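Here is what each chain is made of, one letter per residue.
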Amino acid sequence: MTDRVGSLRLILGDQLSHSISSLNAIDFKRDIVVMVEVATETTYVPHHKQKIVLILSAMRHFAEELSERGIRVDYVKLDSAENTGSFSGEVQRAIKQYKPERVMVTEPSEYRVRQFMDDWQDAFGLPVHILEDTRFFSTPNEFAKWADGKKQLRMEFFYREMRRKTGLLMQGSEPIGEQWNFDHDNRKALPKGLSLPTRRRFEPDAITLDVIQMVGERFENHPGGLSNFGWPATRIDALSALDHFIDACLPSFGDVQDAMKQGESFLFHALISPMLNIGLLLPDEACRKAEAAYHSGHAPLNAVEGFIRQILGWREYVRGLYWLKMPNYAEGNALNANRPLPAFYWTGETSMNCLKQCVGDTMRNAYAHHIQRLMVLGNFALLAGIQPREVEEWFLAVYADAFEWVELPNVHGMALFADGGVMASKPYAASGSYIDRMSDYCSDCTYSPKEKLGAKACPFNYLYWDFLARNRPVLSNNQRLAMPYRSLAVMSFEKREQIASEAKQFLDGL
Ligand code: FAD
Ligand code: DLZ
Ligand code: SF4
């Protein structure tokens, strides 16, 4: 009789699902689960304090749940004296200690981790089984097959494939409502006086409080505050956050999905991306619950389709694109953007109220909603020509839901057009009038969205035209930009000169 461990099953901090493939057919007597808090993961970017608290607290809760199921768990805390500080170091140490016959792990979500995991079998001299992550609707291979031979990889067409595959919102082979996409119904500004749902906050329990204290001390210099921490760190709480969204927010989610309001970054959004990304919620259950809300008459089709498209469409699409294009994807800089990231992305100290509000929300909550990220924070970085690498690092650090597989395509491709149009058919560039239409930020700003030039002019206005003029060689052939380029062509020479000069002065002062 040997007391040698059968399988050493490693579970990473974004694999906290009881259905994770690395737990399949676990032998309760011979196998051991290893979970490790490691310095390399907590510091590869300066993560927002709330993001670290969420992940470590959720890991500790998950380890407890596994123990309660009768599974043997070795959980290594960040401050344990033996902790070597990296996934590879900790797996090697556990192999020495338990002498397992094999290591089993679900494939990591990020290329960075996959690279060193691929070396483990040779380095450690035992079989390392890297298993498929079955929590998604599609696989990277399926995406690669769909992408093969296509000139353009548009989300909309991949999304339709996913609708057919899953049967979500389908009636036979046709989409319910005879339309695949109701996006044009989902661009309304927030009506005055509309009452907003309250965010469901989850009071930290003893485990979370412990982590909060440790993170407050050890990661004091990382961005963000901890006082507002209210993320669900267990499966049960995550499910109740999802239910709260379906009950209280989903019916209005569609109409005002793109709206922004000072002091209110949650609005009707789901606030479930951190839970989906670490595995406390599964994408399938979120979509099925939303679909059921449509069939029961609780929520209208434009809201339910809009929500399902974000998860079944965008989330799956960005994952497919990431694995198809990595590692080269991160290297591109199609618009040759080279300016350093302004300090106000970290401090919020700027007189541009929209940016100040969005940075403020981000630092308070480790959250900002999609349009704040895309049309304010991303749009500014695009127009100002900020280096993609610096913008990507910022987005990867400050949001509780930020993991490279989902952050990189959204920032590099969608917000910055740094991939030259692989993801987006045109840059999401907009002047101040878009922000004015979709928010109440401008009424509290020192600048005016109505002024195009001069000291009071909203910087987004002249930066927009300067961006188009500066990037003419790369962008002017884009059919979707034909109209603004025509407007630029008929602008007087003096006006164009003034735009260039005010943009230069502004950008030099950043
Ligand atoms: P809702 O608006 O209520 O949407 C529901 C769900 O749909 C989300 O929980 C999310 O899982 C999914 N979803 C929506 N849009 C996208 C998208 N574009 N890509 C992938 N999934 C999507 N999302 C992340 O999960 N991590 C990131 O690091 C991230 N970085 C982003 C950076 C930029 C510049 C932009 C423009 C978007 C980014 N997104 C990212 C996508 C999106 O902004 C967030 O998923 C969303 O704001 C999360 O909030 P929510 O749960 O309230 O989402
Ligand atoms: C993001 C993160 C952080 C901050 N800390 C840990 C950790 O200490 N241990 C862990 O297993 N995972 C952590 N994570 C999540 C990982 O970065 C994520 O699972 C991998 O990057 C996936 O490729
Ligand atoms: Fe932002 Fe311009 Fe509006 Fe000020 S005026 S809040 S800078 S869009």
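This text follows the structure it describes.
Below or above, wherever it landed, is the structure these notes cover. Counting restarts for each chain: residues are numbered from 1 in the order of the written sequence. Just so you know, chain letters begin at A and ligand numbers begin at 1, following the order they were written in. Local features are withheld for residues below a pLDDT of 70 in this predicted model, meaning they are given only at 70 or higher, and side-chain atom pairs are given and counted only at 80 or more; totals for whole chains, interfaces and linings count all residues. Side-chain figures throughout are based on the complete set of non-hydrogen atoms in the structure, without hydrogens or water.

### Considerations on helix H6 (residues 140–147)
Next, step 1: Buried residues are those whose accessible area, probed at 1.4 Å on protein chains only, stays under 20% of the maximum for their type, while exposed residues exceed 50% and partly exposed ones sit between those limits. Secondary structure elements are defined from DSSP: runs of H or I of at least 4 residues count as helices, runs of E of at least 2 residues count as strands, and each element is numbered from the N terminus. Among the residues of H6, Phe143, Trp146 and Ala147 are the ones counted as buried. Angularly, the buried residues of H6 cover 95 degrees about the axis, an arc narrow enough to put them on a single face. In H6, the exposed positions that point more than 90 degrees away from the buried face belong to Asn141 and Lys145.
Next, step 2: Contact between two residues is taken to exist if any of their heavy atoms lie within 4.5 Å; hydrogens are not considered. Buried-residue contacts for H6 involve helix H7 (155–166) and helix H12 (301–325). It is the directions from the helix axis to the C-beta atoms whose arc is reported.

### Some details on the site of ligand 2
Next, step 1: The immediate surroundings of ligand 2 are formed by 18 residues, with Gly13, Asp14, Val36, Glu41 and Glu110 found nearest.
Next, step 2: The definition of a polar contact used here is a pair of N or O atoms within 3.5 Å, where within protein one atom must be able to donate a hydrogen and the other to accept one, and adjacent residues in sequence count solely through side-chain atom pairs. Residue Asp14 places a side-chain N or O atom 2.8 Å away from an oxygen atom belonging to ligand 2.
Next, step 3: Contacts to ligand 2 include Glu41, whose side-chain N or O atom sits 2.5 Å from an oxygen atom.
Next, step 4: Elements with a minimum of two residues in the shell around ligand 2: helix H1 (39–43), helix H2 (49–68) and helix H4 (111–117).
Next, step 5: The element best represented in the shell around ligand 2 is H2, accounting for three residues.
Next, step 6: Residue composition of the shell around ligand 2, by class: nine nonpolar, four polar and five charged. We call a residue near a molecule or strand as soon as one heavy atom of that residue lies within 4 Å of the molecule or strand. Residues are grouped as follows: nonpolar covers Ala, Val, Leu, Ile, Met, Phe, Trp, Tyr, Cys and Pro; charged covers Asp, Glu, Lys and Arg; every other residue, Gly included, is treated as polar.

### As for unusual backbone geometry
Next, step 1: A cis geometry characterises the amide bond from Met326 onward to Pro327, with omega recorded as 5 degrees.
Next, step 2: Even without being a glycine, Leu169 presents a positive backbone phi close to 50 degrees.
Next, step 3: Looking at the element boundaries, Leu169 is found in the loop between H7 and strand S6 (170–171).

### What about the pattern of salt bridges?
Where side chains of opposite charge bring their charged atoms close, a pairing between them can arise.
Next, step 1: A pair is scored as a salt bridge if a Lys or Arg side-chain nitrogen falls within 4 Å of a carboxyl oxygen belonging to Asp or Glu. Under the defined criterion, the tally for this structure stands at 28 salt bridges.
Next, step 2: Of the charged contacts, one joins Arg364 and Asp361 as a salt bridge, the two residues approaching to 2.7 Å between their closest N and O atoms. Taken as a pair, Arg364 and Asp361 lie in helix H14 (residues 353–365) at a separation of three residues, close to a single helical turn.
Next, step 3: Across the pair Arg373 and Asp401 runs a salt bridge whose closest N-O atoms are separated by 2.9 Å. Taken together, the positions of Arg373 in helix H15 (residues 370–384) and Asp401 in the loop between helix H16 (388–398) and helix H17 (404–415) put the pair 28 residues apart, joining distant regions of the chain. By the burial criterion, Arg373 is buried, and Asp401 matches it.
Next, step 4: Each of Arg30, Glu101 and Arg102 takes part in salt bridges that share partners, so that together they form one network.

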